[in-house]
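Chain residues, written in single-letter form:
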Amino acid sequence: MIKVTYIEFNGTERTVEVEEGVSLMEAAVNNLVPGIDGDCGGMCACATCHVHVEAEWLDKLAPMEEQEDAMLNLAEGRDGSSRLTCQIQATPELDGIRVRTPIGQH
Amino acid sequence: MTETVLILGGGQAGAQAVLSLRQQGFAGRLVLVGSEPFLPYQRPPLSKAFLSGALPRERLLIKPEAFYRQADVECILDTPAVSLDAAERQLTLADDRQLGFDQLLLATGGRPRQLQCPGADHPRLHYLRTLDDVERLREHFLPGARLVVIGAGYIGLEAAAVAVKQGLKVQVLEAAPRVLARVTGAQVSEFFAGVHAEAGVEIHCNTGVVGIDGDPDTARVHTATGDVMEADLVLAGIGLLPNVELAEAAGIACDNGILVDDLARSSAPGVLAAGDCSNHPSVIYGRRLRLESVHNAIEQAKAAAATIAGKPRPYNQVPWFWSDQYDLKLQTAGLLEGHDRALVRGDPQSRSFAVFYLRDNRLLAVDAINRPAEFIAARTLIPAGGQLDPARLTDENVAPQQFA
């Protein structure tokens, strides 16, 4: 199991255990983490699962594909740490990853 | 007295309404009634990753069971409703239970249009709408099996793509002159017909079905052109009928769906409707629309929840749709009816291009194939309604963000 910590805009932290291969969006939805909707069901089509990934973890993620890059333009407050959690699969290298949910998704 | 809100329909709209009502602060009694034996699940993967076996059943749920407990929602599953008394605000279920309500959201969805020809009760003929439909279909969805798909719409072509990849022999019969005729323009139809042909799917357009016979294990599909096709499996994807009968019988106005206003209210006080079953006015397109899409189900359910919670917020969004076939993601924004021009940006041969549908140089819709930036740009440009320079739309040196 891979530990993932979601941090709300107000600082509330929730750490959940995620099975390898499951996306960080699905893990959030299944663990009732607020601020991550995943309306499209993980198709990278709605940008409602946007997070800011803490700096030390950014480089460990698989690079963004064109689809994710384009969808992120729909997300409010996009910056260099922005990713869509439906496109991040839990892998052992990500054990301990910390992501912040944007205020606009609450 | 506590207010009671009933949500009839355990699909995408029903699940969203539950979530949105609680998010909007509705604290009364909330009951979700569904006719299927499952909590709300995602339907789009049914003809894609779930059909192929890549996605297990547990991962289809829109929200886990714990969510409904935490949100204090009474879930009544596997129980269709049989009648509605809109004046008395009472819903009767198939198990004779009577549920009173203050407000009711009809999120009853739709059901597959059935073939009307002789032999339409053949045991190897399937439709694809529910989890159970797919589980039944998958029993014979095996390498080497002969599959005849009736109807080259999204469902038929998505299933054909999965099938041919899994080694089934696939033929697609389409009554119209081209595939995806109901939802896209000629260029995109031609492109997808080519992609399927290359993958080994045989597509026959201008070919209606007049009957099915054969023994219980082999369906013989008779076409209007006089051919007979033997199949181990037949899948008909010929459209959806909105589930309006309950509303109609209750005297609620329906016309290709339950008629609602932009706040999702039907003609009966206290009764709302959202999703595939509803028909709403679109300011963007200046006409009524009945949409069959996840986006519409979600956004209209949010609008309905806002109305119920006393924080009305009109529903007026650009429709969008997607379809996955092979390595291709088709994303459509808007509706192309009434266009006078279709402009292609990029080369279809490269499997990455977009088609812009214009009327008087205003953008009505975009089909984007592996072109997310064009799709995103269109979702802003369509409601803005401004005139666009056609030359810029097709100029690959102009970024989609710079179209306006």
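As the structure is a computational prediction, the values presented were derived from the model and not from experiment.

Asks: Looking at this structure, how should I read the domain arrangement of chain B?
Replies: Quite often, the size of an interface is put as the accessible area lost when its parts meet. Residues and elements named next belong to chain B. Split by domain assignment, chain B resolves into domain 1 (4-111 + 241-308), domain 2 (125-236) and domain 3 (327-402). When each unit is reduced to the centre of its C-alpha atoms, the spacing between domain 2 and domain 3 is 29 Å. Each partner contributes to the interface: domain 2 provides 11 residues, whereas domain 3 provides 14 residues. Contact between domain 2 and domain 3 buries roughly 940 Å² in total, counting both sides, with carbon and sulfur atoms accounting for 70%. On the domain 2 side of the contact with domain 3, Gln187, Val188 and Phe191 bury the most area, a combined 49% of that side's loss. As a salt-bridge pair, Glu198 and Arg351 come within 3.9 Å of each other at their nearest N and O atoms. Joining domain 2 to domain 3, the criterion identifies three residue pairs in polar contact (both at pLDDT 80 or more). No other element matches the six residues that helix 6 (residues 186-199) contributes to the side of domain 2 that touches domain 3. The residue makeup of the side of domain 2 that touches domain 3, split by class, is six nonpolar, three polar and two charged.

Asks: Honestly, the environment of Pro40 of chain B in this entry has me stumped. Any pointers?
Replies: Within the secondary structure, Pro40 of chain B is located in the loop between strand 2 (29-33) and helix 2 (49-52). Note: C-alpha distance between Pro40 of chain B and Leu30 of chain B (10 residues apart in sequence) is 15 Å.

Asks: Where do I start with the interface of chain B and chain A in this structure?
Replies: Each side of the interface is counted separately: chain B has 27 residues, and chain A has 20 residues. For the chain B and chain A pair, buried surface summed over both sides reaches about 1800 Å², with 55% attributable to carbon and sulfur atoms. Where chain B packs against chain A, one counts two salt bridges. Taken together, the elements giving at least two residues each to the side of chain B that touches chain A come down to helix 1 (12-23), helix 3 (65-70), helix 8 (294-308), strand 22 (320-325), strand 23 (328-334) and helix 9 (372-384) of chain B. Residues that form the side of chain B that touches chain A fall into these classes: 12 nonpolar, eight polar and seven charged.

Asks: I'm lost on the nonpolar core in this one. Help?
Replies: Among the nonpolar cores identified, the biggest contains 65 residues, and Tyr6 and Ile97 of chain A together with Leu363 of chain B are the most heavily contacted of them. Take this core: its biggest share by element is six residues, from helix 9 of chain B. Here this core gathers at least three residues from each of two domains, domain 1 (4-111 + 241-308) and domain 3 (327-402) of chain B. Non-local contacts of Leu363 of chain B, meaning those with residues more than four positions away in its chain, are made with Phe356, Tyr357, Leu358, Ala378, Leu381, Ile382 and Leu388 of chain B. With 42 residues, the next largest nonpolar core counts Leu137, Ala163, Val188 and Ala365 of chain B among its residues.

Asks: Just checking my understanding: could you explain the sheet that holds strand 3 (residues 50-53) of chain A for this structure?
Replies: Two orientations exist for strands paired in a sheet by backbone hydrogen bonds: parallel and antiparallel. Residue and element names in this part refer to chain A. Spatial ordering of the open sheet is given by 2-1-5-3-4, a layout of five strands whose pairing is mixed. In this open sheet, the two edge strands, each paired with only one partner strand, are strand 2 (13-18) and strand 4 (82-84). Taken pair by pair, the neighbouring strands of this sheet meet at an average axis angle of 35°, ignoring direction. Of the strand pairs in this sheet, strand 3 and strand 5 (residues 97-100) are connected by two bridges, and their pairing is antiparallel. Bridge pairing links Val53 to Val99 in strand 5.

Asks: What is the right way to read the pairing of strand 26 (residues 362-369) of chain B from this model?
Replies: Along a regular strand, successive side chains alternate from one face of the sheet to the other. Residue and element names in this part refer to chain B. Of all eight residues that make up strand 26, seven are buried, and the element is covered over most of its length. Where strand 23 and strand 26 come together, five bridges link them in antiparallel fashion. Pairing of Ala333 across the sheet is with Val366, part of strand 26. Taken together, the seven bridges between strand 25 (residues 353-359) and strand 26 define a ladder with antiparallel strand orientation.

Asks: Would you mind showing me how to read the side chain of Ser81 of chain A here?
Replies: All names here are of chain A. Structurally, Ser81 can be placed in the loop between helix 3 (66-72) and strand 4. Residue Ser81 is classed as buried on the basis of its relative accessible area, which comes to 14%. At 3.2 Å, the side chain of Ser81 and the side chain of His52 are in polar contact. There is a polar contact of 2.8 Å between the side chain of Ser81 and the side chain of Asp79.

Asks: Teacher, can you tell me more about the environment of Val183 of chain B here?
Replies: All names here are of chain B. Within the secondary structure layout, Val183 lies in the loop between strand 11 (169-173) and helix 6. The sequence separation of Val183 and Arg146 amounts to 37 residues, and the corresponding C-alpha distance is 27 Å. Those residues in contact with Val183, other than ones at most four positions away along the chain, are Tyr154 and Leu336.

Asks: Explain the state of the cysteines to me, please; I cannot follow it from the model alone.
Replies: By definition, a disulfide links the sulfur atoms of two cysteines through a covalent bond. One pass over the full model with this rule turns up zero disulfides over all chains. Its sulfur unpaired, Cys40 of chain A is 3.8 Å from the next cysteine sulfur, which belongs to Cys46 of chain A. Cysteine Cys75 of chain B shares no disulfide, and the gap to the nearest cysteine sulfur, in Cys277 of chain B, comes to 18 Å.

Asks: I'm lost on the sheet that holds strand 1 (residues 4-8) of chain B in this one. Help?
Replies: Residues and elements named next belong to chain B. With parallel pairing, five strands are arranged side by side in an open sheet as 3-2-1-7-19. Across the chains shown, the open sheet's two edge strands, defined by having one partner strand only, are strand 3 (73-76) and strand 19 (271-273). Along the sheet, successive strands turn relative to each other by an average axial angle of 20°, direction set aside. The sheet contact formed by strand 1 and strand 7 (residues 103-106) spans four bridges and is parallel.

Asks: When you look at helix 5 (residues 154-165) of chain B in this model, what are you seeing that I'm missing?
Replies: Because an α-helix completes one turn every 3.6 residues, residues spaced three or four positions apart along the sequence face the same direction. Residue and element names in this part refer to chain B. The terminal C-alpha atoms of helix 5 lie 17 Å apart, and with 12 residues this matches the ideal 16 Å at 1.5 Å per residue to within 8%. Taken together, the buried positions of helix 5 are occupied by Gly156, Leu157, Glu158, Ala159, Ala160, Ala161, Val162, Ala163 and Val164. Turning to helix 5, the residues buried within the fold contact helix 2, strand 10 (146-150), strand 11, helix 6, strand 16 (233-236) and strand 22. Looking one or two residues beyond helix 5, the residue adopting positive phi is Gly167, at roughly 90°.

Conventions we followed
Residues numbered from 1 in each chain as written. Chains lettered and ligands numbered in written order. Predicted model: local features only at pLDDT ≥ 70, side-chain atom pairs only at ≥ 80, totals over all residues. Heavy atoms only, no water. Domains from an automatic or database assignment. Contact = heavy atoms within 4.5 Å. Buried area = accessible area lost by both parts, 1.4 Å probe. Salt bridge = Lys/Arg side-chain N within 4 Å of Asp/Glu carboxyl O. Polar contact = N/O pair within 3.5 Å; in protein donor to acceptor, adjacent residues only side chain to side chain. Helix = DSSP H or I, 4+ residues; strand = E, 2+ residues; numbered from the N terminus. Nonpolar A, V, L, I, M, F, W, Y, C, P; charged D, E, K, R; others polar. Core = buried A, V, L, I, M, F, W, Y, C linked by side-chain atoms within 4.5 Å. Buried < 20%, exposed > 50% of the residue type's maximum accessible area, 1.4 Å probe, protein only. Pairing = 2+ DSSP bridges. Axes fitted to C-alpha atoms, helices over the stretch in contact; angles between N-to-C directions. Disulfide = S-S within 2.5 Å. Expected span 1.5 Å × (residues − 1).

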